[in-house]
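Okay, here's what each chain looks like letter by letter:
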Amino acid sequence: MVRWSMMSESESLAEADSAIRQHSSVRPEASQDHVPPLARLALVVMAFASVGVALLPLYVKPGVAPGSVPASDFSAERAMSSVQAIAGAPHPIASAEHDAAVDYLLGQLRQLGLAPELQEDTGVRYDTDLDPSQVSAAHLQNIVARLPGTNSTGTVMLYGHYGSVPTSNNAADGAAGVAAVLETVRAIRNGPGLRNDVLVVLADGDETPALGPIMFRTHPAAKDITVGIALEALAPTGATALAYAGQGTPDAPTSFTSPDNGSWLRQALQVMPHRFTTLALNDLQLASPELSIATKDAAAGGIGFLFLGGGAPYHTLRDAPAHLDPARLQAYGDNTLALARHFGNAALDRQDPSPEVVAFTVLPDIVLSYRAVWGSILALLLVGLFAVVAIAGFRRKRLRAWGVVVGFAISVVSVPIAMVVNVAAWLLVVAINPAYRAPMARGYYGASWNLLFLTCLTLATVSTLYVLARRFLPPARSDLSVATGAVLLPLLVAVLTAQVMPAAAYVFTWPTLVAILVLGWTVLRPGMAYRPWLHLAGLAAVLITTSVAALSLVYIVYSVFAAPGSARQSPLYPVLGLVVVAVLAGVLVPCLHFLASRRRWIVPVALLALAAVFLGAQLVASRFNAERPRPNFIQYSLNADTGQATWLSAGNRPDAWTRQFFPGDYRRETSAFSPGYYFEQQLEIITAPAPTVPLAEPKLAVLEKRQQGDELSLRLRLSSSRGAPYAHLDLQLPGELLAAAVNGVSVNTTQIPPNRRQRFTLLYFGLPARGAEISMTLRGTGTITGRLVDYSNDLPRIRGLTVQPRPPDFIPAPYDFRDPTAVSRSVQL
């Protein structure tokens, strides 16, 4: 530092340029030995600022329009009254609260001058999202109403779902979208009439899983849809995002929409007042069932919105009207109304599907979009620019071949190493934090802090590898060469994703582009590029671009794959989003050199210290209390074959509330006790004997049994003598299942893999008093065996036991049922 102060700036730059040119005794890092401390501090500040800029669109929200605004405007205050009416309490299928919600919605639509129709039938789905998969069925009530246009050229669908799971009010995950649809229709009715028809679809059974949307496909109006607008949510707070856009594909074997969204998406981005997009979900195939029903069978266009936020309230009592952010509901409604009016007056009969458009948010309400083909062109441009920089660097003797190779090799090996470190860190978090062992649904308390912890740990791991390589490998001491090699991995990933996942390719394309431009500047004009403050400006550009492009996607992927269900299957799932961070770390290597040219351990040590701070914040933020209640679960199980009853609770020990059911000894086991969302996942439980209560067993009656050659045909009636609303049937078949139907609705057995066709598993929601009829045809002879269980929410009355209510810091765990009573029996046909 003293030497620097005695040199003129021109002399130091000349020396740096001369040093870089000397191939045999080069010290490429010499030009950064004398970076002023203030410049390094400025880069640290820029790093934090770039994260803030990237996250800003997640937190900017509109003001809430009061109920006094004109009826032709959207008012979140008015819409909140509908949320409270629908989601004042849990309202699962077959409950009195569910019937009240249906009556309320029918009444509201009639008040708006519509003639609603109740589509009441059985929804059936072979759920390929589960592994192993099962058939789900439910008795459902979809509500459909049409608002005729003045001179219709097509139909605009407004879709929401109103149902709930037994453990949640589903205020955001359902009721908010329905309320937004109702308030949108009110605004349309009180404004200028629309040219095109508007079809209102308020679906039942979205949580069962997605049976309402699938049943709607059988409605005649489903074929009329030209474009659909679907409203969904994961949490009561967070950003209101345009998350899906696509084109229906009637002949496709799956429910996913095609990416031919250009026409619909381009118009949507033009008219939406609140622009926030996460369209990388399109190519990740995290498909919205609502968008699928809006588009698939009618080959229609679809736009899907999503509330994005922490998933801890998902399917719990915390997803209640009191926790719903009205500002997010306002953004939801403003966008829906704008799109409904735009498409409601457009010439829909002249809308042609156009190739996919890539779109991502840069700043609040500012979205960059371009055709996906430009993503491929940008990828080729990246390759060309990198080649130019590399050739120029080698010709001017500013790059060393082995230095480039080492930089690339480190960037490649750092990804799996970072993932191993992250998996170990995740297991550590689970071990030391009881909140991460609690039965949650889609997220944990303090999840954002944990993501920051893992992000810093990933960057610390990568930077450590570069520091170690520089210490032990002479070629790694050429900073410019190593930085050039490091950018090769994100470059290759950008080229690959441009071909196979164009909606997500921007995450790698734009940071890599800026990084290559800065490297080219350094190679071609080192005298200027290595001036500390100019160099800082280039690195700041890389930091901002990387943060803006990547952080939203990392957050979303983490939120999806760190869900407790997937985390229990494999500790790799929670860290999948960090792969993006590990890959893009290659473009940040020059920042490492800038921050610590001599004491290079400063950067990984500082990142580890920051990771420790975030880990501590996560431990505090996830602590259970009345604001973050601990979910727990108790089940009363009666085996009708043996007459024995047991208590079952999730976890490895009783807590302060479940202890009343386990006053003495208990056994620790693993069991797949939850047949829906966690079908056949082995979970930790405790069990103990329970008093026996005489409860009627479920029934499976054979209505018809016919054997013709090696084909066996069966008609069965499944019912619950005690009126339980749910039943789970699991049959082992003596041969291959050929066909099946529930209440006459066919099961698509072609979707069942051949190695799973010796088993028929059905989960039925809303079991009618008369029961449900099951028919099946299989190839084979012999006895069919299995097990039948029926479930009812809440525990039976047990003489001498008064169940104490949960304290405020406990809530029912988001499993398929709420503290259920389960009666099981064996089956032999």
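As a reminder, the structure under discussion sits directly above these lines.
Some points on the pairing of strand β18 (residues 736–742)
Regular strands place their side chains on alternate faces of the sheet.
Now for step 1: Here 6 bridges tie β18 to strand β21 (residues 772–779), and the two strands are oriented antiparallel to one another. Its bridge partner lying in β21, E736 is registered against R779.
Now for step 2: Examined bridge by bridge, β18 and strand β19 (residues 745–746) share 2 bridges and lie antiparallel to one another. If you follow A741 over to β19, its bridge partner there is S746.
Now for step 3: Counting the residues that bridge the hairpin from β18 to β19 gives 2 residues, and of these N743 lies at a positive phi of roughly 50°.

Topic: the sheet that holds β19
Hydrogen bonds between backbone atoms are what pair the strands of a sheet, whose relative direction is either parallel or antiparallel.
Now for step 1: Across the sheet, 5 strands lie side by side as β15-β16-β21-β18-β19; this open sheet has antiparallel pairing. Either end of the sheet is taken by a strand with one partner, and the two such strands are β15 (698–708) and β19.

A closer look at the packing of aromatic side chains
Now for step 1: Applying the stated criterion across every chain yields a total of 20 aromatic pairs.
Now for step 2: The rings of Y636, W647, W657 and F661 are connected pair by pair, giving a single aromatic cluster.
Now for step 3: Residue placement shows R471 over the ring face of F472; its charged tip is 5.9 Å from the ring centre.
Now for step 4: The cationic tip of R806 hangs over the ring face of W657; the distance from NZ or CZ to the ring centre is 4.0 Å.

Some points on a nonpolar patch on the surface
Now for step 1: A cluster of nonpolar side chains, contributed by L38, L41, V44, V45, F48 and W533, occupies part of the molecular surface with about 600 Å² of accessible area.
Now for step 2: Looking at the nonpolar patch element by element, the count peaks at 5 residues for helix α3 (residues 37–59).
Now for step 3: Here L38 is to be found in helix α3.
Now for step 4: We classify L38 as exposed; its relative accessible area is 55%.

Here we look at the side chain of S263
Now for step 1: With respect to the secondary-structure elements, S263 resides in helix α8 (residues 262–271).
Now for step 2: The residues touching S263, leaving out its near neighbours within four places in the chain, are Q351, D352 and S354.

Quick notes on the pairing of strand β4 (residues 197–203)
Now for step 1: By the criterion of burial, β4 is predominantly enclosed, with 7 of the 7 residues buried.
Now for step 2: Summarising the sheet, strand β2 (residues 134–147) and β4 pair through 5 bridges and their orientation is antiparallel. Of the residues in β4, the one forming a bridge with L147 is V198.
Now for step 3: As paired elements, strand β3 (residues 155–161) and β4 share 7 bridges and run parallel to each other. By the bridge assignment, V156 is partnered in β4 with V198.
Now for step 4: After leaving β3, the chain enters helix α6 (residues 171–189) and then returns to the sheet as β4, a path that is right-handed.

Comments concerning unusual backbone geometry
Now for step 1: The peptide bond linking T208 to P209 adopts the cis configuration, its omega dihedral lying at -5°.
Now for step 2: When you line up the elements, P209 lands in the loop between β4 and α7 (211–216).
Now for step 3: With phi around 55°, A210 is a residue other than glycine that occupies positive phi space.
Now for step 4: A relative accessible area of 5% means that A210 is categorised as buried.
Now for step 5: Positioned with a positive phi, K397 is a non-glycine residue whose angle comes to about 60°.
Now for step 6: Turning to its location among the elements, K397 is positioned in the loop between α12 (372–395) and α13 (401–432).
Now for step 7: Residue K397 is classed as partly exposed on the basis of its relative accessible area of 49%.

Criteria and cut-off values
- Residues numbered from 1 in each chain as written.
- Predicted model: local features only at pLDDT ≥ 70, side-chain atom pairs only at ≥ 80, totals over all residues.
- Heavy atoms only, no water.
- Pairing = 2+ DSSP bridges.
- Helix = DSSP H or I, 4+ residues; strand = E, 2+ residues; numbered from the N terminus.
- Phe/Tyr/Trp six-rings, centres within 6.5 Å; stacked < 30°, edge-to-face > 60°.
- Lys NZ or Arg CZ within 6 Å of the ring centre and 35° of its normal.
- Patch = residues over 30% accessible without salt bridge, like charges linked within 9 Å, V, L, I, M, F, W, Y side chains within 5 Å.
- Areas by Shrake-Rupley, 256 points an atom, 1.4 Å probe, with all protein chains shown as cover.
- Salt bridge = Lys/Arg side-chain N within 4 Å of Asp/Glu carboxyl O.
- Buried < 20%, exposed > 50% of the residue type's maximum accessible area, 1.4 Å probe, protein only.
- Contact = heavy atoms within 4.5 Å.
- Right-handed = clockwise from strand over helix to strand, strands pointing away.

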